[in-house]
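Descriptive analysis of the structure
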Amino acid sequence: MLQVQFIREEKERIIKGLAKRGWEASKMNILDEIISLDDKRKSLQTQNDQFLSQINAKSKEIGELFKSGNAEKANEFKGEVSALKIKTGDLEAEMKKVQEMLNESLYQVPNVPNELVPNGQTDEDNEVFKALEGALPDLGTDAIPHWELAQKYSLIDFALGVKITGAGFPVYMGKGAKLQRALVQFFLNEASDAGYLELNPPFVVNEASARGTGNLPDKEGQMYHCTTDNFYLIPTAEVPVTNMHRAEIIAQADLPKKYTAFSPCFRREAGSYGADVKGLNRLHQFEKVEIVQMVHPDKSYEVLDQMLAHVEGLLKKLELPYRILRLCGGDLSFASALTYDFEVYSAAQKRWLEVSSVSNFETFQSNRMKMRFKDTEGKKSLVHTLNGSALALPRIMASLIENNQTSDGIVIPEVIRKYTGFDIIN
RNA sequence: GGAAGAGUGGCAGAGCUGGUUGAAUGCACCGGUCUUGAAAACCGGCGUGCGUUAACGCGUACCGGGGGUUCGAAUCCCUCCUCUUCCGCCA
């Protein structure tokens, strides 16, 4: 959520940014509404504080009057205070209402895209930031897609998952399960080596955490909700990990905070259909290793580059054909200022699959969850938050087994053989 | 799940027979004096949000969360959450 102060000072810049996201001119007046609601809020508080001040002074006097035995005078004052209390009661109710309206409006405004974000409405307008090095892999006509490979080598049973739960909940088995576990190990170790503190967070969060990262109210229908306890299954480890420092003030010396966490991710994916959901392409439950950083505002874009380099390093080591996209305004997620997507080419499906999304949220998340740092002079400011997948498992699995299929079987990439314990699936 | 107790500032820990208590005291931390330097000692500072102000400052709210009683609540009442101990149950 944007800061009202920022909206006041940079309205023109925000309007330009929102236009890049495809906002129509008619929607922009929400910014003026926010400013006017905030003005209203301030003026109400000023009035209310004055009444409260009077009440406090009078109450103190009453105490002194009782002590000195002047009960008559004290009782007279009591009536005056009661009258003031009715006024403050009304003012407070109104303030609460205004504050709620203000919050509702603020929740509707997405983050302002960075200057680097290209114009465009759909994923077709995304900019190829780094193209595939070399030619697209050609596996010939015998190549089969991963869902057939999964069946051929008994790696994943989709139908069994349907029986146990439903579509989108596959059962990994044998070398399929081991390969996935090996990849997780590899990703976590790489992240640790890069200085990220490994966490094993809760996979279920409370409402406050879901709000902190903006999953509520923005994407309410996308999460599985345990209504009995009012908990949510996490759609990504970003949620529990980013909330670690919610409503905290971090010493500047303790920045940056670098965390990595493995977690299953649960997504309802309401509205998905077609080829997108075939095989491992889109699931309701999948595994992912996430990297998250909380950093000094001056450093966040430098850090974004470092995170890109980290993810790129993983794909290189796995020897997968990849490219990097810079998301256009229309495709940028609500909270992000700048996002890079990594796509891996899945050679049998002959399509690009998104395996990672690395974003800088600047202060959008930290403002909502009041995550600040104190600099050496004692001044408090919001931190910048960033996160990225490093990496999401299913599509890595899909492209890996597709690209590495040979007439002898599926060849395991060199770097993960020490984790799998085998070098071929046949 | 049942019973009892407890949740106060970075930490420890008073206050809890309602009335200058945003909150004693100690530790930690920051600045200063002293010292060749360090330590010790001494002096001073040391929470957060909001409002207001050019600024110093002033006002207001916050003692787990929410609500209530009262002229006035950290202090009384209700409720929820969390922790500790005991019992029960169980990976």
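Reading the values: the criteria
The numbering scheme is per chain: residues are counted from 1 as the chain's sequence reads. Think of it this way: whatever chain is written first is A, whatever ligand is written first is 1, and the rest follow in order. Totals for whole chains, interfaces and linings use every residue, but because this is a predicted model, local features are given only for residues with pLDDT of at least 70 and side-chain atom pairs only at 80 or more, for both listing and counting. As a rule here, side-chain values come from all non-hydrogen atoms in the structure, and water together with hydrogens is ignored. In this scheme Phe, Tyr and Trp rings, the latter by its six-membered ring, pair at centre separations within 6.5 Å, and the angle between planes marks the pair as stacked below 30 degrees, edge-to-face above 60, and tilted otherwise. The secondary structure listing takes helices from DSSP runs of H or I that are at least 4 residues long and strands from runs of E that are at least 2 residues long, numbered from the N terminus. When accessible area is computed with a 1.4 Å probe and restricted to protein chains, residues below 20% of their type maximum are described as buried, those above 50% as exposed, and intermediate ones as partly exposed. Note on pairing: DSSP must find at least two bridges between two strands before they are called paired. By convention in these notes, a residue is near a molecule or strand provided one of its non-hydrogen atoms lies within 4 Å of it. Polar contact criterion, stated in full: a pair of N or O atoms within 3.5 Å, where within protein one must be able to donate a hydrogen and the other to accept it, and residues adjacent in sequence count only if both atoms are side-chain atoms. Charged means Asp, Glu, Lys or Arg here, nonpolar means Ala, Val, Leu, Ile, Met, Phe, Trp, Tyr, Cys or Pro, and polar covers whatever is left, Gly included. Just to be clear on terms, a salt bridge is a Lys or Arg side-chain nitrogen sitting within 4 Å of an Asp or Glu carboxyl oxygen.

In the structure shown here, the tally under the stated rule is six aromatic pairs. When the ring of Phe169 is compared with that of Tyr224, the centres are 6.5 Å apart and the planes differ by 55°; the resulting orientation is tilted. Here Phe169 is found in the loop between α6 (158-164) and β3 (171-172), whereas its partner Tyr224 is found in the loop between α8 (207-212) and β6 (225-226), with 55 residues between them in sequence. The interplanar angle of 45° and the centroid separation of 5.7 Å between the aromatic rings of Phe186 and Phe187 together place this pair among those described as tilted. Pair check on accessibility: Phe186 and Phe187 agree, each one buried.

Taken in spatial order, the three strands make up an open sheet running β5-β7-β6, and their pairing is antiparallel. A strand with exactly one partner marks an edge of an open sheet, and here the two such strands are β5 (204-205) and β6.

Bringing the protein's contact with RNA strand B into the picture now. Among the 20 residues in the neighbourhood of RNA strand B, the closest are listed as Arg41, Gln45, Thr46, Lys85 and Arg372. The sugar-phosphate share of atoms of RNA strand B within 4 Å of the protein amounts to 73%. Residue Ser59 places a main-chain N or O atom 2.9 Å away from a base nitrogen belonging to RNA strand B. Breaking the surface near RNA strand B down by element, the ones donating at least two residues are α3 (29-67), α4 (71-107) and β14 (372-374). Per element, the largest residue contribution to the surface near RNA strand B is twelve residues, and it comes from α3. Of the residues that constitute the surface near RNA strand B, the class distribution is five nonpolar, seven polar and eight charged.

It is worth spelling out the pattern of salt bridges at this point. Considering all chains together, one arrives at 17 salt bridges under this definition. Salt-bridge contacts for Lys40 lead to Glu94; the nearest nitrogen and oxygen are separated by 3.5 Å. Separated by 54 residues along the polypeptide, Lys40 in helix α3 and Glu94 in helix α4 bring together distant segments of the chain.

These figures capture arrangement, not role.
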